[in-house]
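Take a look at the letters that make up each chain.
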Amino acid sequence: SDWSGGSLSPTAASVSVRGRVSDSNGAPIPRISVTLTDANGQRRRAISNAFGNYEFSGVPVGGGYVLTVVGKGYEFNPQVLNVDQDTIVNPVAN
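The text that follows walks through the structure, step by step, so that each part is easy to find. (Residues numbered from 1 in each chain as written. Predicted model: local features only at pLDDT ≥ 70, side-chain atom pairs only at ≥ 80, totals over all residues. Heavy atoms only, no water.)

The next subject is the overall build of the protein chain. From N to C terminus, the protein chain includes zero helices and seven strands. Counted from the first residue to the last, the protein chain has its helices and strands arranged as β-β-β-β-β-β-β. A separation of at least 24 residues holds for 50% of the contacts in the protein chain among residues at least 6 apart in sequence. Of the roughly 6,200 Å² of accessible surface on the protein chain, 47% is carried by carbon and sulfur atoms. (Helix = DSSP H or I, 4+ residues; strand = E, 2+ residues; numbered from the N terminus. Contact = heavy atoms within 4.5 Å. Areas by Shrake-Rupley, 256 points an atom, 1.4 Å probe, with all protein chains shown as cover.)

Listed below in structure tokens is the structure:
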């Protein structure tokens, strides 16, 4: 076979960080800003969908990240993550 993995490269593996944002009663919070910041200060931003779900794909493994959620009328504690596999984080408003 003459298959060539052109899209594969010898760089670090990547995974997803995803989850569901909810209020203290467990109800989903749609359209809320979720930010994933790496140790170098590089940020990725996502907005939760109608069901409160968000996802970051292509996240390099082996790094420390901080997940922050910001939305009007809601307060969340930042979460420190050590990402080495697909990770689920379900932030709940305080």
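Now that the structure has been shown, we can carry on.
One broad rule of soluble globular proteins: the nonpolar side chains tend to lie buried together. Of all hydrophobic cores here, the largest spans 19 residues; its most connected members are Val17, Val21, Leu36, Tyr54, Phe56, Leu67 and Leu81. Put simply, the parts of the chain that give this core at least two residues each are strand 1 (14-20), strand 2 (33-38), strand 4 (53-60), strand 5 (63-70) and strand 6 (79-83). Residues in contact with Leu36, not counting those within four places in the same chain, are Val17, Gln42, Arg43, Arg44, Phe56, Val59, Tyr65, Val66, Leu67 and Leu81. (Core = buried A, V, L, I, M, F, W, Y, C linked by side-chain atoms within 4.5 Å. Buried < 20%, exposed > 50% of the residue type's maximum accessible area, 1.4 Å probe, protein only.)

Attention now goes to the environment of Gly73. Along the chain, the position of Gly73 falls in the loop between strand 5 and strand 6. Residue classification places Gly73 among the exposed residues on the basis of a relative accessible area of 80%. Residues Gly73 and Ala93, spaced 20 residues apart in sequence, show a C-alpha to C-alpha distance of 9.6 Å.

Attention now goes to the sheet that holds strand 3 (residues 43-47). The strand order across the open sheet formed by four strands is 3-2-5-6, and the pairing between neighbours is antiparallel. Lying at the two open borders of the sheet, with one neighbouring strand each, are strand 3 and strand 6. For this sheet, the mean inter-axis angle between neighbouring strands, taken without regard to orientation, is 25°. By the bridge criterion, five bridges tie strand 2 to strand 3 in an arrangement that is antiparallel. Bridge pairing links Ser33 to Ile47 in strand 3. (Pairing = 2+ DSSP bridges. Axes fitted to C-alpha atoms, helices over the stretch in contact; angles between N-to-C directions.)

Under the criterion given, the structure shown has two aromatic pairs. Centre to centre, the rings of Tyr74 and Phe76 are 6.5 Å apart; their planes meet at 40°, and the pair counts as tilted. Relative accessible area serves as the criterion here: at 37%, Tyr74 is assigned to the partly exposed category. (Phe/Tyr/Trp six-rings, centres within 6.5 Å; stacked < 30°, edge-to-face > 60°.)

Purely geometric stuff here, so don't read any function into it on its own.
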